[in-house]
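A closer look at the structure
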Amino acid sequence: MSTKEVRFAVMIDSTFLKKWQIECIQKLVAIKDVQLNCFFINDDVEKNFNIKSSIGYRFLERSIRNKGALEVQAISNYFPVSKIIPLKPEKDRFYTVLNQQDLEIIKSHNLDFILRFGFGILKRDVLTVPKYGIWSFHHADHELIRGGPTGFWDIHLNHHTNGAMLQRLTNQLDAGIILKSGLIKTSKHSFKENVNRILMLSTDWPAQVVKQYLLNKNTQDFPIHPIQKKATLYKTPNNLQVLSFLSILILNKLKFHWNELFIAEFWNIGVAKQEISTFSNQQVGEIDWAPQPPKGKYRADPFANSKDSESILYESFNYKTFKGEIHQIKYHGNNWSKSEIVLQSENHLSYPYCIKEDEKVYLLPESHESGKLILKCLSDGTENKLLSGAWLDPTLIKYQSKWWLFCSHKKAPNEQLYLFFAEQIEGPYIAHTLNPVITDVRNARPAGTPFIKNGKLYRPAQNCLNTYGGSIRIQELIVLTETNYEEQTVNELFPNLRSDYPSGIHTIASFGNYTLIDGKKHQFSLTNLVTSSKRKLNRLLKR
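What counts and how
- Residues numbered from 1 in each chain as written.
- Predicted model: local features only at pLDDT ≥ 70, side-chain atom pairs only at ≥ 80, totals over all residues.
- Heavy atoms only, no water.
- Helix = DSSP H or I, 4+ residues; strand = E, 2+ residues; numbered from the N terminus.
- Buried < 20%, exposed > 50% of the residue type's maximum accessible area, 1.4 Å probe, protein only.
- Contact = heavy atoms within 4.5 Å.
- Expected span 1.5 Å × (residues − 1).
- Pairing = 2+ DSSP bridges.
- Axes fitted to C-alpha atoms, helices over the stretch in contact; angles between N-to-C directions.
- Parallel < 35°, antiparallel > 145°, perpendicular 65-115°, else oblique.
- Nonpolar A, V, L, I, M, F, W, Y, C, P; charged D, E, K, R; others polar.
- Core = buried A, V, L, I, M, F, W, Y, C linked by side-chain atoms within 4.5 Å.
- Phe/Tyr/Trp six-rings, centres within 6.5 Å; stacked < 30°, edge-to-face > 60°.

This part takes up the environment of H189. With respect to the helices and strands, H189 occurs in the loop between strand 13 (177–185) and helix 6 (191–200). Using a relative accessible area of 15% as the deciding quantity, one classes H189 as buried. It is 26 Å that separates the C-alpha atoms of H189 and D204, two residues lying 15 residues apart in sequence. If near-sequence neighbours (up to four positions away) are discounted, H189 is found in contact with L249, N252, K253 and F256.

Structure (structure tokens):
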């Protein structure tokens, strides 16, 4: 039998796991040089870990039980049952303690880490037996919420974010060492969706930590600092809190559907008379907005057409068809020309990213409905498929003799950033080892053209915490390699509350000495009401 470099085990309370837990393990064993050594099963789980909850919460929990991420699946369907080893832990007040015999059993497996999906709150010597400790998930924003249950308090307390953390456990309660963390937008209108999304979007993290530190030979950088900030401790809700939660959920559902039907987003494009590099430390100045778009339509995602110095490509969205097209408009001496159609499709088109390489001009529009990402050469009419899948806001830059492709995916468009690289602009593109490299609703989704200033690379990113395209964060790339990625926020651009478009900003693009920009306002649209009503009705009929 071949010896693998990284050996791990999983702690469980039963021979059944939830779907999201199974996926965590599958993503680990899919990595070359990683071996699932065994499962340690709690042989006395009923006696030691019987958790009581209110009638109200049991009713609420039953509504999402065995659905989506919580679907219960037998371990034997995926992994060898011969590798399940029983242990008999003991209870010390609220904690789980393993006796010396069980500790010796664990030591004999010479493990790099253990992934905890059972056994309650572990303490004492067991935490230091595996070389890199015992890893455990906390599904909530660790800076705001300790305890649980998952997905409940985020909605009840009206938090904009729902978070998760993979930590290395320590002997100090709620003071684990953060290995990976992320933030997504709270699904305030759906308990099921709020729970499912945070569970499923964190399934990559154990595999990412292994790739980043253990297989990448970066063990000297393995996190060692425990959590310092103490968030408020929350427990399983009582009946009154569940009743309050249900009333909040109903109101949030009504608000969600009201906004979808009666409050439409209308974007327009403009020109800021300052270079894009100034946004590394400055705010947006005065904007020369394009004329008001036709009724029921909007303009967004402006990019310079590299063919000439005056043409601007942008998304023209029509609420009647609920579809975007790529149009072009010219800007010269504070004057805007009439727009013209550049690209149409049966699928939605947007984000017409344009770039020049070797005297050729390329267009890389978003077309996620088509299931592929196509690079179009405007100079000779050729096309190259770069990726398959529902990719959004694709952003290309050549940096240090390599092409880097940033994009988000439809499954979590505002919350996860994916990265690919290639030697040539046409590809083939290779997925980054740590994909998705970012899970954070505040700075994941691309928001325009990256730029270099004083030798440093920056990329604009959407902050969708409060609203889609609420602001733009400028991210300085600290590490950009084929195996590692790190960035930090250095500035944030906000919409001008006194402008005609005060509600959002989600694209900036270089335009010579100027910068293209877009802005958002909210208003009622009869066209959107009719189209959205039809779409909702169709979804209901398909159920």
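Bringing helix 9 (residues 526–542) into the picture now. Under the 1.5 Å per step criterion, the end-to-end length of helix 9 is 25 Å for 17 residues, consistent within 8% with the ideal 24 Å. Listed as buried for helix 9 are N528, L529, T531, S532 and K536. Residues of helix 9 that are buried make contact with helix 8 (239–262) and strand 15 (264–272).

Moving on: the sheet that holds strand 9 (residues 121–122). The strands making up a sheet associate through hydrogen bonds between their backbones, and the pairing can be parallel or antiparallel. Here three strands make up an open sheet; going across it, the order is 6-7-9 and the pairing mixed. Each edge of the sheet is formed by a strand with only one pairing partner; in this case those strands are strand 6 (90–92) and strand 9. Relative to strand 7 (residues 95–97), strand 6 runs antiparallel, the two sharing three bridges. Each residue of the ladder has a partner; that of D92, found in strand 7, is Y95.

Now for the packing of helix 1 (residues 19–29) against helix 7 (residues 205–214). It is at 8 Å that the axes of helix 1 and helix 7 come closest, and there the two elements cross at 25°. When the axes of helix 1 and helix 7 are compared, the pair comes out roughly parallel. Listed contacts from helix 7 to C24, K27 and L28 of helix 1 are P206, A207 and V210. Of the residues assigned to the contact of helix 1 with helix 7, the class counts are five nonpolar, no polar and one charged.

This paragraph deals with the nonpolar core. Inside soluble globular proteins, nonpolar side chains tend to come together where they are buried. In this structure, F117 and W135 are the most contacted members of the largest nonpolar core, which totals 55 residues. In terms of residue count, helix 7 provides more of this core than any other element does, six residues in total. By size, the runner-up hydrophobic cluster in this structure holds 33 residues, among which are I312, Y331, C407 and A509.

Next up on the list: the packing of aromatic side chains. Counted according to the given criterion, the structure contains 34 aromatic pairs. Ring geometry for Y319 and F322: centres 6.0 Å apart, planes at 65°, overall edge-to-face. For Y319, a relative accessible area of 6% gives the class buried. Classification of F322 by relative accessible area gives partly exposed; the value is 25%.

Before going further, it helps to examine the packing of helix 8 against helix 9. Between helix 8 and helix 9, the shortest axis-to-axis distance is 7 Å and the interhelical angle comes to 130°. As far as their axial angle goes, helix 9 and helix 8 are oblique. Across the interface between the two elements, H257, E260, L261 and F262 of helix 8 pack against N528, L529, S532, S533, K536 and R539 of helix 9. For the contact of helix 8 with helix 9, the per-class residue count stands at three nonpolar, four polar and three charged.

With antiparallel pairing, four strands are arranged side by side in an open sheet as 31-32-33-34. The two strands at the open ends of the sheet, each matched to only one other strand, are strand 31 (451–453) and strand 34 (485–493). Geometrically, the sheet is characterised by an average inter-axis angle of 40° between neighbouring strands, direction not taken into account. Of the pairings in the sheet, the one linking strand 32 (residues 456–463) to strand 33 (residues 471–480) comprises six bridges and is antiparallel in character. Bridged to Y458 within strand 33 is E476.

Further remarks concern the pairing of strand 33. When you tally the buried positions in strand 33, you get eight out of ten residues, the bulk of the element. Where strand 33 lies against strand 34, eight bridges are found, and the strand directions are antiparallel. Paired with Q475 across the strands is T489, a residue of strand 34. Turn length for the strand 33-strand 34 hairpin, with the two strands adjacent in sequence and antiparallel, is four residues.

Treat this as a map of the structure, not an account of what it does.
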